[in-house]
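Overview (structure and organization)
The chain contents come next:
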Amino acid sequence: MSQRGKELASTFSPAEIEAPLYEKWISAGYFTADANSTKEPFSIVLPPPNVTGILHIGHALDQTLQDCLARIKRMKGYEVLWLPGMDHAGIATQNVVEKQLAAQGMSRHDLGREEFVKKVWQWKAESGGAILGQMRRMGDSVDWSRERFTMDEGMSNSVLALFKKMYDAELIYRAERIINWCTRCLTALSDIEVEHQDDAGEFVQVRYGDGEQSIVVATTRAETMMGDGAVAVHPNDPRYKHMIGTEVLLPLVNRMIPIIADELVDPDFGTGAVKVTAAHDPNDFEMAMRHNVPFVVIMNEHGIMEGSGTEFDGMDRFDARVAVVAKLKELGRIVAEKRPYIHAVGHCSRCDTTVEPRLSKQWFVKVAPLAKASADAVRSGAVKIEPEELAPRYFDWVDNMHDWCISRQLWWGHRIPVWYGPNGEMVVVGPGESAPAGYVQDVDVLDTWFSSGQWAFSTFGWPEKTADLAKFYPTSVLVTGYDILFFWVVRMMMMSTFAMDGVPPFKTIMLHGLVRDQFGKKMSKSRGNVVDPLEFMDKYGADALRFTLARGANPGTDQALAEEWVGGSRNFATKLWNATRFAMMNGATVEGPMPEVSKLSAIDKWILSRLTETIRDADSLFEKFEFAKASELIYHFAWDDLCDWYLELSKESFATGSAADSQRVLGHVLDQLMRLLHPLMPFITEELWVSLTGGESLVIAKWPEANLNYLDKMAENLVTQMQAVITEVRRFRNDQGVKATAKIPGRLTTNGELAKYASAMGFVLKLEVKEFTPTASFEIGSVKCELDLSGTVDVVAERARLTKDLATVQKDQQTAQVKLGNEGFMAKAPLEVVTEIKERLVKTQAEIERITAALAALPST
RNA sequence: GGGUGCUUAGCUCAGUGGUAGAGCGUCUCGUUUACACCGAGAAUGUCGGGGGUUCGAAACCCUCAGCGCCCA
């Protein structure tokens with residue numbers, strides 16, 4: 001069914017075309033990838049949004065860029081798979097459901113584990129995945145038939161298989177360590193789930209021991225002193241050297257503790273002596289391991305003091321801090337205090353509770369070998385990071401990674417596949433296996449990132465040897481914000497490279513920045529500057545939002561976004577709509593072969609030349625992930641070259657009815673432009689292109705190729721001259737107060753090639769062709785312009801204009817003269833630069849002559 | 001404290017050695033049958049300060065100042 005020539009509505013309304021077009025694409029199955037295809041694969045896995053999430057502006061950017069790449073590659077003939085899905089987002093989701101329960105006065109413990117998990121699934125089914133529906137609004141060309149969820153059967157299988165594989169390779173172990181503990185979520189957290197904030201705490205100096213045998217320690221956490229096992233100083237600190245190896249009395253609990261020497265202590269910090277609380281501080285834990293300092297636990301999982309055997313037991317940790325300091329003060333042991341003392345304190349990234357370092361038995365991933373492989377993959381060039389300036393950040397992370405705590409004391413997530421026997425036996429259960437009778441499964445679940453880290457291969461069916469895995473792994477490019485480089489990208493690299501026997505998960509990691517508000521400030525609810533992409537799409541259309549985001553997307557850098565700019569993109573869409581409508585009204589067509597180039601007008605040759613340059617340059621920019629620059633380039637070609645100049649210069653020939661060649665050229669230019677713009681603005685381009693060409697769909701159309709035969713510097717030069725003439729005459733008219741709409745008698749005379757286009761220029765300038773007596777006459781280059789202003793020329797305005805122009809040109813001339821008079825310049829500057837300056841000098845001289853003559857010709861006032 | 005960016009027109013940003021650019025905003029004129037979600041024209045910057053390298057610096061080097069981000 002051809003829709004060619006279907007008349008376009010007189011105004012463009014995105015809402016009317018978007019949803020039907022998306023339906024068309026889906027029902028045609030364009031986005032469904034074929035693993036058995038012989039085409040070269042191009043695959044992207046969508047960074048899975050949280051199941052709890054809705055589309056925010058960052059997703060909109062991320063998806064615009066991915067869709068743009070997917071669509072280009074599809075048009076280039078690749079077998080494209082863009083795989084969508086969601087992340088179960090352990091803590092985040094569990095918190096949401098717990099909040100709902102709390103609203104009913106219940107906790108998860110009231111329901112019990114099984115019922116609670118059922119409830120989460122139920123909630124996921126009801127309100128989860130809103131974001132996936134919103135992706136349709138964006139026009140995302142994802143393969144819905146392959147949609148995945150990190151807790152679906154296949155991925156759960158993959159989690160079991162990989163856990164076992166890693167365990168067998170001794171990359172997973174269980175140990176008692178200091179971990180980050182959230183006293184509200186009651187779970188362990190990995191390092192990246194902790195956010196450091198500058199908090200107002202206190203810094204107190206406490207005297208341990210008495211008289212000769214005393215030492216002053218500095219601490220921000222006085223309440224943990226009951227758990228101290230030692231005092232540490234730097235081994236070379238002259239103040240304390242003589243005390244190393246001796247003991248001091250620990251106040252409040254009256255226990256003797258040793259003074260140890262450790263290089264970890266910074267002699268310049270505080271008093272140079274620190275308390276060692278092995279069970280409640282990660283650094284102290286390390287020192288304690290080296291010096292056999294005992295672990296004294298004095299706090300429980302809720303952050304309540306417990307087991308210290310003092311009056312403070314039963315107090316909240318923060319209350320205890322106040323009470324302990326008060327007591328020490330009473331005992332005369334406080335030497336100095338500073339309050340507030342601003343220092344970095346870890347907070348739970350999900351609920352903001354102050355994180356408590358806690359000694360606890362957890363499962364860990366031994367990251368050293370995995371991180372090394374991940375680093376090597378990038379260092380060797382097997383995986384490229386774009387832009388490469390961000391690679392150091394990646395290395396900084398993978399080269400200094402701590403072991404990864406993967407167990408969580410949550411209920412929502414993949415349960416740890418380890419079963420314990422009645423006599424302390426332990427067995428790891430892989431896919432399809434089961435534990436011996438009487439064994440009990442570990443109650444904890446795995447960190448969300450343990451499963452989402454497998455996203456690049458488990459989504460293709462691993463550990464089965466599937467066709468998808470063979471065809472689409474490794475994926476071509478990972479598109480994501482630099483803010484999750486450490487969170488997710490590194491984990492994907494580690495887990496994939498291990499699971500896939502050394503093959504990293506992507507060939508390129510393309511990092512984009514964050515979307516900020518119009519003043520470049522970070523968007524946040526508290527600032528009230530959060531924008532809603534859905535609202536923008538409602539108001540301006542998906543294409544406008546996409547184009548705005550792409551146009552702001554310089555590699556790896558943040559972009560500011562203002563609503564007006566989205567409006568500007570909508571204006572661009574409208575411009576395209578109207579230009580195409582106008583072109584079709586004037587017979588633009590893609591029927592028949594392209595005319596012989598040599599027979600075309602310079603105007604036609606010029607637009608083909610510009611089209612070729614635009615295609616060539618935009619394509620190369622897209623290949624380099626330079627979305628902003630590619631968008632800018634296409635925007636200016638479409639608006640400036642095509643609409644403002646080509647259509648205007650062609651109006652005369654369209655009006656006179658002898659424009660078959662131009663109609664074909666214009667049809668071709670629009671056809672190619674729509675293809676080029678389609679990845680950025682899929683809806684409007686599809687609508688216009690189908691109307692213009694009667695083709696099936698741009699989604700499956702061929703990507704434009706730059707036809708280098710169309711490059712024509714002569715034609716470009718000629719049109720540049722035409723533009724100069726037209727601009728100059730317009731300026732003159734404007735200065736003279738002649739309305740742009742007013743037709744005035746006038747003529748342009750010139751010689752050579754340009755003479756052929758005098759009437760086209762005259763048409764644009766609304767010059768009336770008739771006999772007249774010029775009242776104004778001037779020259780622009782080789783073109784003489786004579787006008788009848790039907791009255792006197794505004795001499796004052798004209799003199800002012802010419803005088804200003806003269807000054808500008810004289811300055812240019814001077815600059816050129818100075819350069820050419822500079823011996824150093826003449827001796828050392830490259831020849832082409834010297835030639836260019838010489839040409840500039842000649843031009844300025846001619847221009848000065850012209851303006852001087854024009855000034856002289858003005859009647860004196 | 002360690003690392004890493006940034007500072008260019010009113011705002012947000014391009015611009016890595018050869019006469020300063022874009023979008024938005026501003027001013028003037030204009031309803032010409034593609035488009036007022038438009039057109040035409042205009043104004044606006046000693047490229048953060050100072051020093052250096054160079055025939056030539058917004059760009060390269062040094063230094064100072066301010067802002068940001070990541071990590072601890």
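All of these numbers come straight from a predicted model, not from anything done at the bench.

Scanning chain A for helices and strands turns up 27 helices and 29 strands. The C-alpha radius of gyration of chain A comes to 36 Å, more than 25% above the 29 Å expected for a compact globule of 861 residues. Each principal axis of the C-alpha distribution contributes one length, and for chain A these read about 115 × 65 × 55 Å. Per-residue burial over chain A gives 55% buried out of 861 residues. Taking all contacts inside chain A whose residues are at least 6 apart in sequence as the whole, residues at least 24 apart take part in 77%. Total accessible area on chain A is roughly 37,600 Å²; 52% of this is exposed by carbon and sulfur atoms. Between the mean site of the 93 positive side-chain charges and the mean site of the 116 negative ones, chain A shows a separation of 3 Å.

Moving on, we come to the sheet that holds strand β14 (residues 356-365). Ordered by their spatial adjacency, four strands build an open sheet running β6-β5-β14-β16, and the pairing between neighbours is antiparallel. At either margin of the open sheet sits one strand with a lone partner, and together these are β6 (187-189) and β16 (404-405). Of the strand pairs in this sheet, strand β5 (residues 172-182) and β14 are connected by 10 bridges, and their pairing is antiparallel. Counted as the bridge partner of Ile-172 is Val-365 from β14.

Around RNA strand B there are 49 residues in total, and Thr-574, Glu-632, Trp-639, Lys-804 and Lys-828 lie nearest to it. In the interface set of RNA strand B, defined as its atoms within 4 Å of the protein, sugar plus phosphate atoms amount to 64%. The backbone of Ala-579 places a nitrogen or oxygen atom 3.3 Å from a base nitrogen of RNA strand B. The side chain of Arg-840 places a nitrogen or oxygen atom 3.2 Å from a phosphate oxygen of RNA strand B. Where the surface near RNA strand B is concerned, the elements lending two or more residues are α18 (563-585), α20 (627-656), α23 (713-735), α25 (795-820), α26 (823-828) and α27 (831-857).

What follows covers the environment of Thr-557. Among the structural elements, Thr-557 can be located in the loop between α17 (542-551) and β25 (559-560). For the pair Thr-557 and Ser-141, spaced 416 residues apart in sequence, the C-alpha separation works out to 25 Å. At 3.1 Å, the side chain of Thr-557 forms a polar contact with the backbone oxygen of Asn-554.

As a further point, take helix α21 (residues 660-677). Given a rise of 1.5 Å per residue, 18 residues ought to cover 26 Å, and the 26 Å separating the end C-alpha atoms of α21 matches this to within 8%. With 15 of its 18 residues buried, α21 lies for the most part within the structure.

Another aspect to go through is the packing of helix α10 (residues 368-379) against helix α11 (residues 391-398). Running from N to C, α10 and α11 point in directions that differ by 160 degrees, and their axes come no closer than 9 Å. The pairing of α10 with α11 is recorded here as roughly antiparallel in orientation. In this structure, the crossing between α10 and α11 has a hand that is left-handed. In this structure, α10 uses Ala-371, Ser-374, Ala-375, Val-378 and Arg-379 to contact α11, whose residues at the interface are Tyr-394, Phe-395 and Val-398. A per-class count over the contact of α10 with α11 returns six nonpolar, one polar and one charged.

In this section: the packing of α17 against α20. One can describe the packing of α17 onto α20 by two numbers: an axis separation of 7 Å at closest approach and a directional angle of 120 degrees. As the angle between them shows, α17 and α20 are arranged oblique. Note on element contacts: α20 touches α17 through Phe-627, Ala-628, Ser-631, Glu-632, Tyr-635 and His-636, opposite Phe-547, Ala-550 and Arg-551. Residue composition of the contact of α17 with α20, by class: five nonpolar, two polar and two charged.

Attention now goes to the pattern of salt bridges. The full count for this structure, using the stated rule, is 49 salt bridges. The partner of Asp-210 in a salt bridge is Arg-207, and the shortest N-O contact between them spans 3.0 Å. Among the residues examined, Asp-210 registers a relative accessible area of 42% and is labelled partly exposed. Several salt bridges converge on common partners, so that one network encompasses Arg-221, Glu-223, Arg-317, Arg-321 and Glu-356.

Taken in spatial order, the three strands line up as β8-β7-β13 in an open sheet, and their pairing is antiparallel. In the strand order of this sheet, the two ends are held by β8 (213-219) and β13 (334-348), each with one partner. This sheet shows a mean twist of 20 degrees between the axes of neighbouring strands, independent of strand direction. Alignment of strand β7 (residues 194-210) against β13, held across 12 bridges, turns out to be antiparallel. Within β13, the position partnered with Gln-205 by the bridge is Ala-336. Those strands touched by helix α9 (residues 317-330) are β7 and β13, and its axis lies near 165 degrees from that of β13.

Burial within strand β1 (residues 41-45) is extensive, with four of its five residues counted as buried. Strand direction decides the pairing type here: β1 and strand β2 (residues 79-83), joined by five bridges, are parallel. Note that in β2 the partner of Phe-42 across the bridge is Val-80. Regarding the hand of the β-α-β motif, the stretch spanning β1, helix α2 (residues 57-75) and β2 is right-handed.

A cis amide bond, omega 10 degrees, links Trp-462 with the succeeding residue Pro-463. Tracing the backbone through its elements, the reader meets Pro-463 in the loop between α13 (455-458) and α14 (467-472). The omega torsion across Tyr-473 and Pro-474 is -5 degrees, close enough to zero to call that bond cis. Here Pro-474 shows up in the loop between α14 and β22 (475-481). The residue Leu-186 is not glycine, and still its phi comes out positive at about 55 degrees. One can find Leu-186 in the loop between β5 and β6. The phi torsion at Asp-501 lies on the positive side, around 50 degrees, for a residue other than glycine. Secondary-structure assignment places Asp-501 in the loop between α15 (485-499) and β23 (506-512).

Examined against the element boundaries, Ser-476 turns out to sit in strand β22. According to the relative accessible area criterion, Ser-476 is buried, its value standing at 12%. Residue contacts for Ser-476: discarding those within four places in its chain leaves Pro-41, Phe-42, Ser-43, Lys-507 and Thr-508.

Parameters at a glance
Residues numbered from 1 in each chain as written. Chains lettered and ligands numbered in written order. Predicted model: local features only at pLDDT ≥ 70, side-chain atom pairs only at ≥ 80, totals over all residues. Heavy atoms only, no water. Helix = DSSP H or I, 4+ residues; strand = E, 2+ residues; numbered from the N terminus. Rg over C-alpha atoms; globule rule 2.2 N^0.38 Å. Buried < 20%, exposed > 50% of the residue type's maximum accessible area, 1.4 Å probe, protein only. Contact = heavy atoms within 4.5 Å. Areas by Shrake-Rupley, 256 points an atom, 1.4 Å probe, with all protein chains shown as cover. Lys, Arg positive; Asp, Glu negative; His and termini not counted. Charge placed at Lys NZ, Arg CZ, Asp CG, Glu CD. Pairing = 2+ DSSP bridges. Near = heavy atom within 4 Å. Polar contact = N/O pair within 3.5 Å; in protein donor to acceptor, adjacent residues only side chain to side chain. Expected span 1.5 Å × (residues − 1). Axes fitted to C-alpha atoms, helices over the stretch in contact; angles between N-to-C directions. Parallel < 35°, antiparallel > 145°, perpendicular 65-115°, else oblique. Left-handed = near helix turned anticlockwise from the far one by under 90°. Nonpolar A, V, L, I, M, F, W, Y, C, P; charged D, E, K, R; others polar. Salt bridge = Lys/Arg side-chain N within 4 Å of Asp/Glu carboxyl O. Right-handed = clockwise from strand over helix to strand, strands pointing away.

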